[in-house]
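Summary of the model geometry
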Amino acid sequence: MELNFLHTFVITFVQSYKSCVALIYSGAKFFSPDGDVLWCHLPEELILEILLRLPVRSLHQFKCICKSWNTLISNPQFIKRHLQISKAKPSLTNQRLFFSFFNEPHKLFYYPLKPLFENQSPPVSFSHVKEPEYNVIGSCNGLLCLHDRFQNSVRLWNPSIMLKSKKSPRALNLVSKHSGFGYDQVNDKYKVLFVMQNLNDPSHIFTKIYTFGDDSWKTIQNFHHTPIRPLRLPGKFVSGTLNWIVKKRDVSSNQSAILSFDLENETYKEMVLPRDDGDDEVHGHLLYVLNNCLGVCHVSNKTSWVAWMMKEYGVVESWTKLMSISYDMFNKQPYLPMYISENDVVLLMNKHTTQLVLYNLNSGQLINSLYDTLESNDTFRINPHICCESLVSVP
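These lines cover the structure that appears in this document, whether it is placed above or below. Each chain has its residues counted from 1, running along the sequence as written. With pLDDT at 70 or above as the cut-off, local features in this predicted model cover only qualifying residues; side-chain atom pairs require 80 or more to be listed or tallied, and sums for whole chains, interfaces and linings still use all residues. Processing note: side-chain calculations cover all non-hydrogen atoms of the structure and skip hydrogens and water entirely.

1. Some words on the nonpolar core
Leu97, Phe117, Tyr288, Trp305, Met323, Leu347 and Leu348 are the most contacted members of the largest nonpolar core, which totals 40 residues. Leu97 has contacts with Phe109, Tyr110, Tyr111, Leu113, Met338, Leu347, Met349, Leu356, Pro384, His385 and Ile386, leaving out every residue within four places of it along the chain. To qualify as a nonpolar core, a set must consist of buried Ala, Val, Leu, Ile, Met, Phe, Trp, Tyr and Cys residues joined through side-chain atoms within 4.5 Å. Buried residues are those whose accessible area, probed at 1.4 Å on protein chains only, stays under 20% of the maximum for their type, while exposed residues exceed 50% and partly exposed ones sit between those limits. Core analysis: the second largest hydrophobic core is formed by 36 residues, Leu51, Leu52, Cys66 and Val394 among them. Residues count as neighbours in contact if any of their non-hydrogen atoms are within 4.5 Å of one another.

2. Looking at the pairing of strand S4 (residues 134-140)
The buried count for S4 comes to 7 of 7 residues, which makes it a mostly enclosed element. By definition, two strands form a pair when at least two bridges between them are found by DSSP. Counting from the N terminus, the helices are the DSSP runs of H or I reaching at least four residues and the strands are the DSSP runs of E reaching at least two. Pairing geometry for S4 and strand S5 (residues 143-148), over 6 bridges, is antiparallel. Along S5, the bridge assignment pairs Val136 with Leu146. Linkage of S4 to S5, two consecutive antiparallel strands, is achieved through a turn of 2 residues, within which Asn141 is found at a positive phi near 55°.

3. So, the packing of helix H3 (residues 44-52) against helix H6 (residues 76-88)
Orientation is described by lines fitted to C-alpha atoms, with helices fitted over the stretch in contact, and by angles between N-to-C directions that extend from 0 to 180 degrees. Closest axis-to-axis distance for the H3/H6 pair is 9 Å, and the angle between their directions is 55°. Here H3 lies oblique to H6, going by the angle between them. Residues Leu48, Glu49, Leu51 and Leu52 of H3 touch H6, and the partners they reach there are Phe78, Arg81, His82 and Ile85. Throughout this entry, Asp, Glu, Lys and Arg are counted as charged residues, while Ala, Val, Leu, Ile, Met, Phe, Trp, Tyr, Cys and Pro are counted as nonpolar. The remaining residues, Gly among them, count as polar. Its residues assigned to classes, the contact of H3 with H6 comprises 5 nonpolar, 1 polar and 2 charged. Note on terminology: angles under 35 degrees are roughly parallel, angles over 145 are roughly antiparallel, angles of 65 to 115 are roughly perpendicular, and the others are oblique.

4. Some details on the sheet that holds strand S23 (residues 356-360)
As summarised here, the arrangement of the 4 strands in space is S21-S22-S23-S24, forming an open sheet in which the pairing is antiparallel. On the outer flanks of this sheet lie strand S21 (335-340) and strand S24 (365-367), each paired with one strand and no other. The average angle at which neighbouring strand axes cross in this sheet is 30°, direction not considered. Where strand S22 (residues 345-350) meets S23, 5 bridges bridge the pair, whose relative direction is antiparallel. Within the sheet, the bridge partner assigned to Leu348 lies in S23 and is Val357.

5. Observations concerning the environment of Ala171
Mapped onto the elements, Ala171 comes out in the loop between strand S7 (163-164) and strand S8 (174-184). Among the residues examined, Ala171 registers a relative accessible area of 7% and is labelled buried. In this structure the C-alpha to C-alpha distance between Ala171 and Val154, which are 17 residues apart in sequence, comes to 9.8 Å. Apart from residues lying up to four places away in sequence, Ala171 is in contact with Asn152, Met196 and Trp217.

6. What about H6?
Helix span is expected to be 1.5 Å times the residue number reduced by one. Over its 13 residues, H6 runs 18 Å from end to end, which matches the ideal 18 Å to within 8%, given 1.5 Å per residue. Among all positions in H6, only Phe78, Ile79, His82, Leu83 and Ser86 are buried. Along the axis of H6, the buried residues cluster in a sector spanning 135°; they form a single face. Away from its buried face by more than 90 degrees, H6 exposes Pro76, Gln77, Gln84 and Ala88. The inward-facing, buried residues of H6 abut H3, helix H4 (56-62), helix H5 (67-74) and strand S25 (382-388). Two or three places before Gln77, at the start of H6, stands the capping residue Asn75, its side-chain oxygen 2.7 Å from that residue's backbone nitrogen. To obtain the arc, one takes the directions from the helix axis to the C-beta atoms. Counting of polar contacts relies on pairs of N or O atoms within 3.5 Å, with two restrictions inside protein: one atom must be capable of donating a hydrogen and the other of accepting it, and residues adjacent in sequence are counted only when both atoms are side-chain atoms.

The quantities given are spatial measurements derived from coordinates; they are silent on function.
Shown next, in the form of structure tokens:
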């Protein structure tokens, strides 16, 4: 009876942010001799469950309420649980779409997702983040991996709590060609991978990996195949792996595959791309991630834009068609799925202009939500990433 009541109370309680704040502060008049708050009206288990469901911004502020809360909210186990709950049931309120331009690394922009989905008629303006000389390599657990291509170094940044890691050592006389960022859950390590070219000897290709918290780059086995153009599109992180579209050297020029890199074992494998029986001509493959599932979109027979999702990572039979839209509806422009809401509305981003549109999977209708657009000088040079809010610290 008590557990059922507690569960019901927590669910009701966290549905209203204002009620939560009011209840928290209602106990603030009870202080212990050392200044800490005596939460005599609420069980510790209930306080914990409430805090675990609050937004990052609120938790960051609540660390100042008392010593015990600061200790609790800063605890690595609390941070992990908070992240797990947020990822298990993602909310539009704690997600942002970041994007940068490869040819203009001093510009980093973002949109909050909530107004994009809820205010579908009026335009929603982007915000500019002042991060000079950085491109975004990837996003994972609320962290953005930033690459200074002029210094050839990387660092992590948590935009929710404004924490940055120190810069990695510089990779001298090397220029990056391909990259990817992700999390090795087994070893609790964040890693970034680069395929680099020697400036003094362009034929000499290195594949290097940097583990945040270490002080050096490590050279590993090179890719078996070369990721297809456009160059510098980062690999997509899913289930402890980084993934790229590659062109296979030992078969016809039209055959492509997915190259997967396991961040724990630092090994490669290949996966087959999805294809309909009636696909005579397929081109323009792009990888994306929705609901922690790897996806790929392409143009089929020059008439349709098709998006697929791999429901179970690594299982080729789990490829499922998500949507198929007339290519003319997109004016023959490349779009990339970025986020899917609870009611099956998908946010799509134009890879040329940053234009955003919404597509309703249930009705099969495009919602022409036109927002601020920024032209890119080079094809496929826009680099978008979804970043969730988190308390995760940087190494």
